[in-house]
Amino acid sequence: MEQRTLLALMVFSSLIVLSETIDQKPAIEIYSLHVDCKVTSRFAHTVITSKIVNRANESQEATFEVELPKTAFITNFSISIDGEVYPGIIKEKAAAQNEYDTAVSQGQSAGLVKITDRKLEKFHVSVNIAATSKVTFELTYEELLKRQLGKYELLIKVQPKQLVKHFQIDVHIFEPQGIHFLETDSTFMTNELTEALTTVQNETKARISFKPTLDQQKKDPELGETLLNGDFVVRYDVKREATAGDIQIVNGYFVHYFAPQEMPVFPKNVIFVIDRSGSMTGRKIEQTRDALLKILQDLRPEDHFSFITFNNKVVEWKSSLLPATEENVASAAALVQTLTARGGTDINGALLTAVGMLEQAEGLPERSVSMIILLTDGQPTSGERNVEAIQDNVQKAINGKYALFCLGFGFDVSYKFLEKMALSNGGIARRIYENADAALQLQGFYQEVATPILMQIEMQYPENSIEGLTKNNFKLFFEGSEIIVSGKISDELDLLPVEIKAQSHTSNLTLTEEANVKEKEQVFQNQKYIFGNFIERLWAYLNIQQLLEKAISAQEEDQKALEAQALDLSLQYSFVTPLTSMVVTKPQQQEELANKPTEADNEKTSSLPAGGTHRLMSGLRGGRRHSELQTGSNRKMFSTVSRFREAVIAQPIASEYPQLLLQLPRQNEIICLNIDKRAQTSVHLLSDPEQGLTVTGKLGHGINHFVQFDINYVNPPVQIHVYTHAILVSYNNNNSWLSWAKSASSTIQGLRVSVEKERSITASLPDTVTVKISLVRFPDDFLGLYFLDTERFSDKVTGVLGQFYSKAQLESDSSNDQSAVERLLRVSGSEHKVSRLHKKDYRLKSDSEPVSCWSIHLTP
């Protein structure tokens, strides 16, 4: 019987989680585990090395799982078995996907990176190791630590679940500005384990090492249980002077950190726009009430505020903003305690009402910051439902005057919709996870934006001497955060001047600084704490992050240009980003693919179509699927019932869809065709040599529907690979990816390929049959194939599906009984008894009555 061992290390912005589990039989031994993290000027370079030996007399499977921060980019991974190294290679996503699809078609499995938590994503790979053999896994990733609420935090969650002979965590910190404070904390530390912890610190450096012996790890001297189970935390901040920030330079690249302190806080004019639709019923509305009551207590007396609640109706608490006096806060708290959830979701009306309230507000402080904070858990189901129209309406109304922050509660919401709307209006989006600490997540977000101390910040550098400058204009700066700008310095520059212009609560500021390039570079000479050209890599990392963020709210052409720049940098600096993938080749030439997910990928909810059609079940599906990821159990039915209150008609479940639908030529009869599934088998559906067209399909794992179709044309020589996540068009060795998230079209030598957003793809060529594939999103993503202009098929058409267009005849019913439930169908010389069933028609765009069809099962 095969045994398995699992090694999991979770690391985020400031978090590393180590977790290993092992069977009762100790055949697989993890004899060494080392996490080496070098933090140089906030830029963290982490190498995780795990060494395993198979002490059994048979081969065993070892699984390596690393949960790393969403903000991190993997830069390297390798597997070493008995001296043989299997490296990961970073490629453009399309090229890597193409290789991977080939590998999958040969029966190899996928090891993908998936989001598992609000701060984490999981890297997973497995490998078989022979008896007595050893394997070493090594993963490297990099990230720029983000300062929040006045500190950087490194949290290491330690859960080995066994004794590890060589267990070691090393954290090296080098901050040229000086370390202001450094502290460590732990939930599992004992007197014995304290002896394994050492901290060495001077003005600019710190090293924290945790290296417990086997005896120190033991919970009981007689047992093999480990004490290492809990949190290990390192927190620190750097020293800052009242200047224009700190500039650091290495090998011609600079980074500029700016985080002013002890400045007066702007009064805020804040409108809370709270969703109280039916889907917020239960725990969500309770947690929202708890969070809002705490937030109200944090308002400053000089702040002005108001509440707007909405379902299918928009309700203003007061007709204008009120000062945050003790009396007004108490009145608002009384309202919050009465919040109940029912009805639909009019996001457009609620936001436009909030903007209108700010526009008409009187008596607000002259120098103040106005913001709207939206909290919603669903799709727009009332009022304007077209998400693109909502985004456009809100942006035109705000017109750059206010900041919009969007909080998406759970997974029924379209995060992509909220993110674009927030970024287009000077704010950010955040997902609130449906955990026990959801109220704390809401409070934590508010604390981050509660203390604006600067606005309209411009970081100015000599234009002719700096290349590749990252973002240098910022709308708002909040106390406890940090502005970071980076760029490349021209060779002839000796002094780097900087000028910062900004508005504070009391005045307009101008701060200047001048950095001596050679002197600054000397700071990092011969420092063993740093890793090579770290500022250049920091510059590339920051550039990629900002380009991808900018692309979210850009127009289509600009979006492509921004993504192309980000892709070039990703490949040049070997980062696994949303535009690249890592191909990992394992023994026996097996391949796995590591992609970088985004928060918008972390849901199965399909965005509302541009036309505004509400697809209720897509929202239900997303909530259910990700609730399982979070809690390990199915979502409570209460929340599901609440979502039903917001829609008129629910879509049928996927089992009501056939695998394939076709209309018999010259007969007004519909056939529902189901193919007996055979794992890892590509089904030859149709081939017509006179049409120059071949179509194959692939059934999914754990789902009895097609998840991939491949359309091949002879002239022009074009291949279209349709997946549930995207579409790949190949022509003359050039690959082009099309997304389901937006409508698009292209023409190649007369062949027109068009995508209808979140609905279908059509391939049409003059005088040739038109191929159409529908995308269905519930409960598991799958694809439905059908053809138009089928009279153009020749009598040479073949294939499991093709034979019905040339060699199929449904026996006529002499009684002409329209209610007959069985008929005889002759196909390619064989006779099949078919039954009349009612199935959902995936060819249609909206809810409809089931289609009546003759059902047949075939084995290819």
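For the structure, see preceding data.
As a starting point, this report considers the structure included with it. (Residues numbered from 1 in each chain as written. Predicted model: local features only at pLDDT ≥ 70, side-chain atom pairs only at ≥ 80, totals over all residues. Heavy atoms only, no water.)

## Some words on the sheet that holds strand β26 (residues 452–460)
At step 1: As summarised here, the arrangement of the four strands in space is β28-β26-β30-β31, forming an open sheet in which the pairing is antiparallel. Of all the strands in the sheet, the pair left with one neighbour each is β28 (473–478) and β31 (508–516). Ignoring which end each strand starts from, the neighbouring axes of this sheet average 25° apart.
At step 2: The pairing of β26 with strand β30 (residues 495–503) spans four bridges and is antiparallel. Considered in β30, the bridge of Glu458 is made with Lys501. (Pairing = 2+ DSSP bridges. Helix = DSSP H or I, 4+ residues; strand = E, 2+ residues; numbered from the N terminus. Axes fitted to C-alpha atoms, helices over the stretch in contact; angles between N-to-C directions.)

## Brief notes about helix α7 (residues 387–398)
At step 1: Taking 1.5 Å of rise per residue, 12 residues should cover 16 Å, and α7 covers 16 Å from first to last C-alpha, within 8% of that figure.
At step 2: By the burial criterion, the buried members of α7 are Val387, Ile390, Gln391, Val394 and Ile398. The buried side chains of α7 occupy one side of the element, clustering within an arc of 100° when seen end-on.
At step 3: Where α7 is buried, its residues contact α6 (347–360), β24 (403–409) and α8 (415–423).
At step 4: Of the residues that open α7, the one with a side-chain oxygen 3.0 Å from the backbone nitrogen of Glu388 is Asn386.
At step 5: Phi for Asn399, located one or two positions after α7, is positive at around 55°. (Expected span 1.5 Å × (residues − 1). Buried < 20%, exposed > 50% of the residue type's maximum accessible area, 1.4 Å probe, protein only. Arc of directions from axis to C-beta. Contact = heavy atoms within 4.5 Å. Polar contact = N/O pair within 3.5 Å; in protein donor to acceptor, adjacent residues only side chain to side chain.)

## Focus: the environment of Ile457
At step 1: Of note, Ile457 is situated in strand β26.
At step 2: Each C-alpha atom of the pair Ile457 and Lys475 lies 6.3 Å from the other, and the pair is 18 residues apart in sequence.
At step 3: For Ile457, the residues in contact, after removing those within four places along its chain, are Asn472, Asn473, Phe474, Lys475, Leu476, Phe477, Ile483, Ile500, Lys501 and Ala502.

## Examining the pairing of strand β37 (residues 693–699)
At step 1: A large share of β37 lies buried, amounting to six of its seven residues.
At step 2: Where strand β36 (residues 682–688) meets β37, six bridges bridge the pair, whose relative direction is antiparallel. If you follow His684 over to β37, its bridge partner there is Thr696.
At step 3: What sits between the antiparallel neighbours β36 and β37 is a turn of four residues, in which Gly692 has the positive phi angle 65°.
At step 4: Sheet topology places β37 next to strand β38 (residues 706–713); seven bridges connect them, and they run antiparallel. Looking at the pairing, Leu693 lines up with Tyr713 of β38.

## As for the packing of aromatic side chains
At step 1: According to the stated counting rule, one finds 29 aromatic pairs in the structure shown.
At step 2: Measuring from centroid to centroid gives 6.1 Å for Phe188 and Phe210, while their planes differ by 55°, and the two rings are tilted. Taken as a pair, Phe188 in the loop between β13 (179–186) and α2 (191–194) and Phe210 in strand β15 (residues 205–210) lie far apart in primary sequence, 22 residues in all. Take Phe188 and Phe210: they sit in the same class, and that class is buried.
At step 3: Seen in terms of ring centroids, Trp539 and Tyr573 are 6.3 Å apart; in terms of plane orientation they differ by 75°. Their pairing is edge-to-face. Here Trp539 is found in helix α11 (residues 534–552), whereas its partner Tyr573 is found in the loop between α12 (556–572) and β32 (580–585), with 34 residues between them in sequence. Grouping residues by exposure puts Trp539 and Tyr573 together as buried.
At step 4: Put simply, the rings of Phe272, Phe305, Phe307, Trp317 and Tyr446 pair up and form one aromatic cluster. (Phe/Tyr/Trp six-rings, centres within 6.5 Å; stacked < 30°, edge-to-face > 60°.)

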